[in-house]
Amino acid sequence: ATLREMGFQRPQAVAARVRAWHHGHIRATRDARARELLTELMPRLLHALADQAEPDAAFARFDEFLSALPAGVQLFSLLRANPRLLMLLADIMGTAPRLGAHLSRHTSLFEAMLAPDFFEPLPDRAALAAELEDALVRARDLQDELDTARRFAQGREFQIGLQVLLGLADGAVVGGNLTDVAEAVISALLPRAEAWLSGQHGRVPGGRLVVLGLGKLGSRELTLGSDLDLIFVYDADDRTQSDGPRPLATPTYYARLSQRLISALTAQTPEGRLYEIDTRLRPSGNVGPVACSLANFARYQRQSAQTWEHQAMTRARVVAGDAGLAARVEAVVEEAVGQPRDPVALAREVEAMRE
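In this text the structure is predicted, and so the values were computed from the model without any measurement. (Residues numbered from 1 in each chain as written. Predicted model: local features only at pLDDT ≥ 70, side-chain atom pairs only at ≥ 80, totals over all residues. Heavy atoms only, no water.)

(A) Local environment of the overall build of the protein. Along its length, the protein carries 17 helices and five strands. Seen through its principal axes, the protein has C-alpha atoms that stretch 75 × 55 × 35 Å. Burial analysis of the protein (355 residues in total) assigns 49% to the buried set. A fraction of 74% describes how many contacts in the protein between residues 6 or more apart in sequence connect residues 24 or more apart. Accessible surface, the protein as shown: approximately 17200 Å² in total, 50% of it carbon and sulfur. With 40 positive and 45 negative side-chain charges, the protein shows a spacing of 4 Å between the two charge centroids. (Helix = DSSP H or I, 4+ residues; strand = E, 2+ residues; numbered from the N terminus. Buried < 20%, exposed > 50% of the residue type's maximum accessible area, 1.4 Å probe, protein only. Contact = heavy atoms within 4.5 Å. Areas by Shrake-Rupley, 256 points an atom, 1.4 Å probe, with all protein chains shown as cover. Lys, Arg positive; Asp, Glu negative; His and termini not counted. Charge placed at Lys NZ, Arg CZ, Asp CG, Glu CD.)

(B) How the structure looks around the nonpolar core. Core analysis: the largest hydrophobic core is formed by 47 residues, its most contacted members being I186 and L265. Of all the secondary structure elements, the ones that give two or more residues to this core are α9 (125–136), α10 (142–165), α11 (175–201), β1 (208–214), β2 (228–235), α13 (250–266) and β5 (317–321). The element best represented in this core is α11, accounting for eleven residues. Judged by nonpolar contacts, the second largest core, of 43 residues, contains M6, F8, V14 and L85. (Core = buried A, V, L, I, M, F, W, Y, C linked by side-chain atoms within 4.5 Å.)

(C) Molecular detail of the pattern of salt bridges. Under the definition given, this model contains 23 salt bridges. We note a salt bridge from E133 to R192, for which the minimum N-O separation is 2.8 Å. In this pair, E133 is assigned in helix α9 and R192 in helix α11, connecting sequence segments 59 residues apart. On the basis of relative accessible area, E133 is assigned to the partly exposed category, the value being 32%. Under the relative-accessibility criterion, R192 is labelled buried at 12%. Where R220 meets D180, a salt bridge forms, and the shortest distance between an N and an O atom there is 3.1 Å. Taken together, the residues span a long stretch of sequence, with R220 in the loop between α12 (215–218) and β2 and D180 in helix α11 at a distance of 40 residues. (Salt bridge = Lys/Arg side-chain N within 4 Å of Asp/Glu carboxyl O.)

(D) Geometry of the packing of aromatic side chains. One pass over the structure, following the stated rule, counts eight aromatic pairs. Summarising the aromatic geometry, the rings of W21 and F62 are spaced 5.9 Å apart at their centres and angled 65 degrees between planes, so their arrangement reads as edge-to-face. Taken together, the positions of W21 in helix α2 (residues 11–22) and F62 in helix α4 (residues 55–68) put the pair 41 residues apart, joining distant regions of the chain. Among the residues examined, F62 registers a relative accessible area of 1% and is labelled buried. Here Y253 and Y254 contribute two aromatic rings whose centre-to-centre distance is 5.2 Å and whose plane-to-plane angle is 85 degrees, an arrangement assigned as edge-to-face. (Phe/Tyr/Trp six-rings, centres within 6.5 Å; stacked < 30°, edge-to-face > 60°.)

Spelled out as C-alpha coordinates, the structure:
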(Lines give C-alpha, C1' and ligand atoms only; values in the text may rest on other atoms or scores of the structure.)
Protein backbone atom coordinates (compact mmCIF):
# COMPACT_ATOMS: atom_id res chain seq x y z
CA ALA A 1 0.00 0.00 0.00
CA THR A 2 2.86 2.38 0.82
CA LEU A 3 4.53 1.69 -2.53
CA ARG A 4 1.26 2.34 -4.35
CA GLU A 5 0.87 5.66 -2.54
CA MET A 6 4.43 6.57 -3.53
CA GLY A 7 3.47 6.19 -7.21
CA PHE A 8 4.60 2.69 -8.19
CA GLN A 9 2.17 1.10 -10.65
CA ARG A 10 3.18 -2.49 -9.80
CA PRO A 11 3.77 -2.35 -6.04
CA GLN A 12 3.48 -6.13 -5.59
CA ALA A 13 6.32 -6.73 -8.07
CA VAL A 14 8.48 -4.04 -6.47
CA ALA A 15 7.84 -5.41 -2.97
CA ALA A 16 8.66 -8.96 -4.09
CA ARG A 17 11.93 -7.81 -5.61
CA VAL A 18 12.89 -5.85 -2.48
CA ARG A 19 12.24 -8.98 -0.40
CA ALA A 20 14.49 -10.94 -2.76
CA TRP A 21 17.26 -8.42 -2.15
CA HIS A 22 16.87 -8.71 1.61
CA HIS A 23 16.84 -12.51 1.44
CA GLY A 24 20.22 -12.49 -0.31
CA HIS A 25 18.99 -13.75 -3.68
CA ILE A 26 21.53 -11.58 -5.54
CA ARG A 27 25.29 -11.49 -5.04
CA ALA A 28 25.27 -7.89 -3.79
CA THR A 29 23.18 -8.81 -0.72
CA ARG A 30 24.54 -12.21 0.26
CA ASP A 31 26.68 -10.57 2.93
CA ALA A 32 24.88 -9.79 6.20
CA ARG A 33 26.55 -6.37 6.43
CA ALA A 34 25.31 -5.51 2.92
CA ARG A 35 21.74 -6.37 3.93
CA GLU A 36 22.03 -4.20 7.05
CA LEU A 37 23.20 -1.23 4.99
CA LEU A 38 20.50 -1.80 2.39
CA THR A 39 17.82 -1.84 5.11
CA GLU A 40 19.05 1.54 6.30
CA LEU A 41 19.11 2.91 2.74
CA MET A 42 15.77 1.51 1.61
CA PRO A 43 13.47 4.44 2.51
CA ARG A 44 15.68 7.04 0.81
CA LEU A 45 16.26 4.76 -2.17
CA LEU A 46 12.58 4.08 -2.77
CA HIS A 47 11.68 7.76 -2.38
CA ALA A 48 14.43 8.72 -4.85
CA LEU A 49 13.14 6.20 -7.41
CA ALA A 50 9.51 7.21 -6.75
CA ASP A 51 10.41 10.82 -7.60
CA GLN A 52 11.24 9.80 -11.18
CA ALA A 53 8.79 10.28 -14.05
CA GLU A 54 8.33 6.50 -14.36
CA PRO A 55 9.12 4.95 -10.96
CA ASP A 56 8.60 1.33 -12.03
CA ALA A 57 10.98 1.67 -14.96
CA ALA A 58 13.55 3.42 -12.78
CA PHE A 59 13.22 0.66 -10.17
CA ALA A 60 13.66 -2.04 -12.83
CA ARG A 61 16.85 -0.42 -14.10
CA PHE A 62 18.19 -0.06 -10.56
CA ASP A 63 17.39 -3.74 -9.93
CA GLU A 64 19.31 -4.67 -13.08
CA PHE A 65 22.26 -2.56 -11.91
CA LEU A 66 22.18 -4.05 -8.40
CA SER A 67 21.89 -7.61 -9.70
CA ALA A 68 25.04 -7.13 -11.80
CA LEU A 69 27.19 -6.13 -8.82
CA PRO A 70 29.60 -8.77 -7.48
CA ALA A 71 29.21 -7.33 -3.94
CA GLY A 72 27.19 -4.60 -2.28
CA VAL A 73 28.91 -3.46 0.93
CA GLN A 74 31.14 -0.89 -0.79
CA LEU A 75 28.31 0.57 -2.89
CA PHE A 76 25.83 0.73 -0.01
CA SER A 77 28.45 2.33 2.23
CA LEU A 78 29.13 4.96 -0.41
CA LEU A 79 25.44 5.69 -0.89
CA ARG A 80 24.90 5.99 2.85
CA ALA A 81 27.80 8.42 3.19
CA ASN A 82 26.87 10.37 0.02
CA PRO A 83 23.12 11.03 -0.23
CA ARG A 84 23.71 13.13 -3.36
CA LEU A 85 25.30 10.09 -5.00
CA LEU A 86 22.17 8.08 -4.26
CA MET A 87 20.02 10.80 -5.85
CA LEU A 88 22.32 10.92 -8.86
CA LEU A 89 22.08 7.16 -9.31
CA ALA A 90 18.28 7.36 -9.09
CA ASP A 91 18.23 10.20 -11.64
CA ILE A 92 20.33 8.17 -14.05
CA MET A 93 17.96 5.21 -13.77
CA GLY A 94 14.90 7.40 -14.13
CA THR A 95 15.92 10.11 -16.58
CA ALA A 96 18.57 8.59 -18.84
CA PRO A 97 17.59 5.01 -19.74
CA ARG A 98 20.56 4.61 -22.09
CA LEU A 99 23.05 5.65 -19.41
CA GLY A 100 21.25 3.50 -16.84
CA ALA A 101 21.37 0.43 -19.06
CA HIS A 102 25.02 1.13 -19.81
CA LEU A 103 25.83 1.43 -16.10
CA SER A 104 23.97 -1.82 -15.41
CA ARG A 105 26.08 -3.67 -17.98
CA HIS A 106 29.34 -2.06 -16.85
CA THR A 107 29.12 -1.58 -13.11
CA SER A 108 32.83 -0.68 -12.95
CA LEU A 109 31.81 2.72 -14.33
CA PHE A 110 30.29 3.50 -10.94
CA GLU A 111 33.78 3.68 -9.51
CA ALA A 112 34.73 6.16 -12.24
CA MET A 113 31.97 8.47 -10.99
CA LEU A 114 33.86 8.77 -7.71
CA ALA A 115 37.03 10.15 -9.33
CA PRO A 116 37.66 13.78 -8.36
CA ASP A 117 37.88 14.93 -12.01
CA PHE A 118 34.82 13.02 -13.24
CA PHE A 119 32.67 16.14 -13.45
CA GLU A 120 35.42 18.32 -14.92
CA PRO A 121 35.63 19.05 -18.70
CA LEU A 122 37.29 16.28 -20.70
CA PRO A 123 40.97 16.70 -21.61
CA ASP A 124 41.90 17.37 -25.22
CA ARG A 125 42.49 14.66 -27.79
CA ALA A 126 46.25 14.49 -27.19
CA ALA A 127 45.71 13.88 -23.48
CA LEU A 128 43.02 11.27 -24.20
CA ALA A 129 45.36 9.51 -26.64
CA ALA A 130 48.13 9.48 -24.04
CA GLU A 131 45.74 8.10 -21.42
CA LEU A 132 44.65 5.28 -23.72
CA GLU A 133 48.20 4.49 -24.83
CA ASP A 134 49.34 4.30 -21.22
CA ALA A 135 46.61 1.73 -20.55
CA LEU A 136 47.28 -0.26 -23.73
CA VAL A 137 51.02 -0.71 -23.11
CA ARG A 138 50.12 -2.63 -19.96
CA ALA A 139 47.82 -5.02 -21.84
CA ARG A 140 48.95 -8.64 -21.80
CA ASP A 141 47.65 -9.79 -25.18
CA LEU A 142 45.30 -8.95 -28.05
CA GLN A 143 42.15 -9.72 -26.04
CA ASP A 144 43.35 -7.51 -23.23
CA GLU A 145 44.09 -4.68 -25.69
CA LEU A 146 40.57 -4.86 -27.11
CA ASP A 147 39.00 -4.88 -23.64
CA THR A 148 41.21 -1.99 -22.53
CA ALA A 149 40.09 0.12 -25.50
CA ARG A 150 36.46 -0.64 -24.71
CA ARG A 151 36.78 0.28 -21.04
CA PHE A 152 38.45 3.56 -22.00
CA ALA A 153 35.81 4.55 -24.57
CA GLN A 154 32.83 3.43 -22.49
CA GLY A 155 34.08 5.22 -19.41
CA ARG A 156 34.64 8.49 -21.24
CA GLU A 157 31.32 8.24 -23.14
CA PHE A 158 29.47 7.58 -19.89
CA GLN A 159 31.20 10.58 -18.33
CA ILE A 160 30.15 12.81 -21.24
CA GLY A 161 26.56 11.58 -21.17
CA LEU A 162 26.27 12.11 -17.43
CA GLN A 163 27.71 15.63 -17.67
CA VAL A 164 25.05 16.47 -20.27
CA LEU A 165 22.34 14.99 -18.03
CA LEU A 166 23.48 17.15 -15.11
CA GLY A 167 23.76 20.29 -17.21
CA LEU A 168 27.53 20.47 -16.80
CA ALA A 169 28.12 20.16 -20.55
CA ASP A 170 26.18 21.49 -23.53
CA GLY A 171 24.65 18.67 -25.54
CA ALA A 172 25.20 20.70 -28.70
CA VAL A 173 28.98 20.84 -28.29
CA VAL A 174 29.94 17.51 -26.72
CA GLY A 175 30.10 15.99 -30.22
CA GLY A 176 33.69 17.19 -30.28
CA ASN A 177 34.46 15.31 -27.05
CA LEU A 178 32.92 12.10 -28.34
CA THR A 179 34.84 12.52 -31.60
CA ASP A 180 38.12 12.96 -29.70
CA VAL A 181 37.45 9.68 -27.88
CA ALA A 182 36.71 7.84 -31.15
CA GLU A 183 39.79 9.26 -32.87
CA ALA A 184 41.99 8.29 -29.93
CA VAL A 185 40.72 4.71 -30.17
CA ILE A 186 41.14 4.48 -33.96
CA SER A 187 44.64 5.98 -33.84
CA ALA A 188 45.69 3.58 -31.07
CA LEU A 189 44.28 0.44 -32.68
CA LEU A 190 45.52 1.09 -36.24
CA PRO A 191 49.24 0.40 -35.55
CA ARG A 192 48.26 -2.58 -33.42
CA ALA A 193 46.14 -3.97 -36.25
CA GLU A 194 49.15 -3.70 -38.54
CA ALA A 195 51.36 -5.34 -35.92
CA TRP A 196 48.91 -8.28 -35.70
CA LEU A 197 48.92 -8.58 -39.50
CA SER A 198 52.67 -8.19 -39.92
CA GLY A 199 53.31 -11.17 -37.68
CA GLN A 200 52.12 -13.41 -40.51
CA HIS A 201 52.46 -11.31 -43.63
CA GLY A 202 55.12 -8.67 -42.91
CA ARG A 203 54.69 -5.14 -44.23
CA VAL A 204 54.48 -3.53 -47.65
CA PRO A 205 57.80 -1.71 -48.25
CA GLY A 206 57.15 2.02 -48.34
CA GLY A 207 53.40 1.53 -47.99
CA ARG A 208 51.19 3.97 -46.08
CA LEU A 209 47.54 3.99 -44.99
CA VAL A 210 45.11 6.60 -43.69
CA VAL A 211 41.63 6.34 -42.24
CA LEU A 212 39.21 8.90 -43.63
CA GLY A 213 36.28 9.80 -41.38
CA LEU A 214 33.00 10.99 -42.88
CA GLY A 215 29.52 11.71 -41.57
CA LYS A 216 29.32 12.78 -37.92
CA LEU A 217 32.85 11.54 -37.28
CA GLY A 218 34.23 13.76 -40.02
CA SER A 219 32.27 16.81 -38.91
CA ARG A 220 33.02 16.20 -35.21
CA GLU A 221 29.33 15.82 -34.35
CA LEU A 222 29.25 12.30 -32.89
CA THR A 223 26.46 11.42 -30.49
CA LEU A 224 26.25 8.52 -28.05
CA GLY A 225 25.60 5.46 -30.19
CA SER A 226 26.70 6.99 -33.51
CA ASP A 227 28.25 4.62 -36.01
CA LEU A 228 31.52 5.57 -37.72
CA ASP A 229 31.65 6.21 -41.47
CA LEU A 230 35.13 5.22 -42.64
CA ILE A 231 37.12 5.01 -45.87
CA PHE A 232 40.59 3.42 -46.01
CA VAL A 233 43.11 4.83 -48.52
CA TYR A 234 46.62 3.48 -49.03
CA ASP A 235 49.61 4.57 -51.07
CA ALA A 236 51.85 1.77 -52.32
CA ASP A 237 52.84 0.05 -55.54
CA ASP A 238 50.07 -2.44 -56.35
CA ARG A 239 52.62 -4.60 -58.19
CA THR A 240 54.58 -5.35 -55.01
CA GLN A 241 53.98 -7.74 -52.12
CA SER A 242 54.40 -7.63 -48.37
CA ASP A 243 57.73 -8.89 -47.06
CA GLY A 244 56.59 -11.48 -44.52
CA PRO A 245 56.78 -15.29 -44.45
CA ARG A 246 53.35 -15.40 -46.13
CA PRO A 247 53.47 -12.45 -48.52
CA LEU A 248 50.30 -10.79 -49.77
CA ALA A 249 49.69 -8.66 -52.84
CA THR A 250 49.50 -4.99 -51.88
CA PRO A 251 45.72 -4.56 -52.49
CA THR A 252 45.01 -7.71 -50.48
CA TYR A 253 47.35 -6.60 -47.70
CA TYR A 254 45.60 -3.28 -47.17
CA ALA A 255 42.16 -4.88 -47.47
CA ARG A 256 43.19 -7.30 -44.70
CA LEU A 257 44.63 -4.46 -42.60
CA SER A 258 41.41 -2.47 -42.94
CA GLN A 259 39.34 -5.51 -41.98
CA ARG A 260 41.60 -6.09 -38.97
CA LEU A 261 40.95 -2.57 -37.77
CA ILE A 262 37.21 -2.89 -38.39
CA SER A 263 37.19 -6.14 -36.40
CA ALA A 264 39.10 -4.49 -33.55
CA LEU A 265 36.48 -1.74 -33.41
CA THR A 266 33.38 -3.90 -33.81
CA ALA A 267 34.20 -7.25 -32.17
CA GLN A 268 31.97 -8.22 -29.25
CA THR A 269 34.12 -8.92 -26.20
CA PRO A 270 33.21 -9.37 -22.52
CA GLU A 271 33.52 -5.57 -22.26
CA GLY A 272 31.06 -5.05 -25.12
CA ARG A 273 31.44 -3.52 -28.58
CA LEU A 274 33.14 -0.23 -29.37
CA TYR A 275 31.42 1.06 -32.51
CA GLU A 276 29.36 0.07 -35.49
CA ILE A 277 31.32 0.74 -38.69
CA ASP A 278 29.85 1.83 -42.03
CA THR A 279 32.13 1.68 -45.09
CA ARG A 280 29.45 2.12 -47.75
CA LEU A 281 30.69 5.62 -48.62
CA ARG A 282 33.91 4.22 -50.10
CA PRO A 283 34.36 4.40 -53.90
CA SER A 284 31.86 2.09 -55.65
CA GLY A 285 30.09 1.44 -52.33
CA ASN A 286 29.71 -2.14 -51.10
CA VAL A 287 30.98 -3.55 -54.41
CA GLY A 288 34.29 -1.69 -54.14
CA PRO A 289 37.37 -2.87 -52.24
CA VAL A 290 37.46 -2.12 -48.52
CA ALA A 291 40.71 -0.20 -49.00
CA CYS A 292 41.47 1.72 -52.18
CA SER A 293 44.74 3.11 -53.49
CA LEU A 294 45.34 6.85 -53.56
CA ALA A 295 45.43 6.78 -57.36
CA ASN A 296 42.09 4.99 -57.60
CA PHE A 297 40.54 7.22 -54.95
CA ALA A 298 41.60 10.37 -56.84
CA ARG A 299 40.47 8.96 -60.19
CA TYR A 300 37.07 8.01 -58.80
CA GLN A 301 36.49 11.42 -57.23
CA ARG A 302 37.42 13.20 -60.48
CA GLN A 303 35.63 10.98 -62.96
CA SER A 304 32.95 8.77 -61.40
CA ALA A 305 31.70 10.11 -58.07
CA GLN A 306 28.13 11.38 -58.10
CA THR A 307 26.95 14.60 -56.51
CA TRP A 308 25.70 12.83 -53.38
CA GLU A 309 29.15 11.27 -52.93
CA HIS A 310 30.76 14.69 -53.15
CA GLN A 311 28.18 15.90 -50.63
CA ALA A 312 29.49 13.21 -48.27
CA MET A 313 33.05 14.38 -48.97
CA THR A 314 32.25 17.84 -47.55
CA ARG A 315 32.61 16.19 -44.13
CA ALA A 316 35.64 14.05 -44.98
CA ARG A 317 38.64 14.33 -42.69
CA VAL A 318 41.63 12.08 -42.04
CA VAL A 319 41.34 10.78 -38.48
CA ALA A 320 44.30 8.36 -38.31
CA GLY A 321 47.31 7.18 -40.26
CA ASP A 322 50.35 8.57 -42.04
CA ALA A 323 50.55 12.38 -41.92
CA GLY A 324 52.16 12.75 -45.35
CA LEU A 325 49.51 10.64 -47.05
CA ALA A 326 46.81 12.46 -45.07
CA ALA A 327 47.76 15.76 -46.72
CA ARG A 328 47.57 14.20 -50.18
CA VAL A 329 44.20 12.56 -49.53
CA GLU A 330 42.72 15.76 -48.14
CA ALA A 331 43.98 17.62 -51.23
CA VAL A 332 42.03 15.16 -53.39
CA VAL A 333 38.92 15.74 -51.27
CA GLU A 334 39.31 19.52 -51.50
CA GLU A 335 39.64 19.32 -55.27
CA ALA A 336 36.57 17.08 -55.58
CA VAL A 337 34.38 19.30 -53.40
CA GLY A 338 35.60 22.54 -54.91
CA GLN A 339 35.31 21.75 -58.62
CA PRO A 340 33.11 24.10 -60.72
CA ARG A 341 29.49 22.99 -61.09
CA ASP A 342 26.36 24.05 -62.94
CA PRO A 343 24.25 25.64 -60.15
CA VAL A 344 20.93 24.61 -61.68
CA ALA A 345 21.92 20.98 -62.19
CA LEU A 346 23.58 20.89 -58.77
CA ALA A 347 20.46 22.22 -57.04
CA ARG A 348 18.33 19.62 -58.81
CA GLU A 349 20.64 16.74 -57.76
CA VAL A 350 20.94 17.96 -54.16
CA GLU A 351 17.18 18.28 -53.91
CA ALA A 352 16.74 14.77 -55.30
CA MET A 353 19.20 13.47 -52.69
CA ARG A 354 17.38 15.30 -49.90
CA GLU A 355 14.06 13.87 -51.06
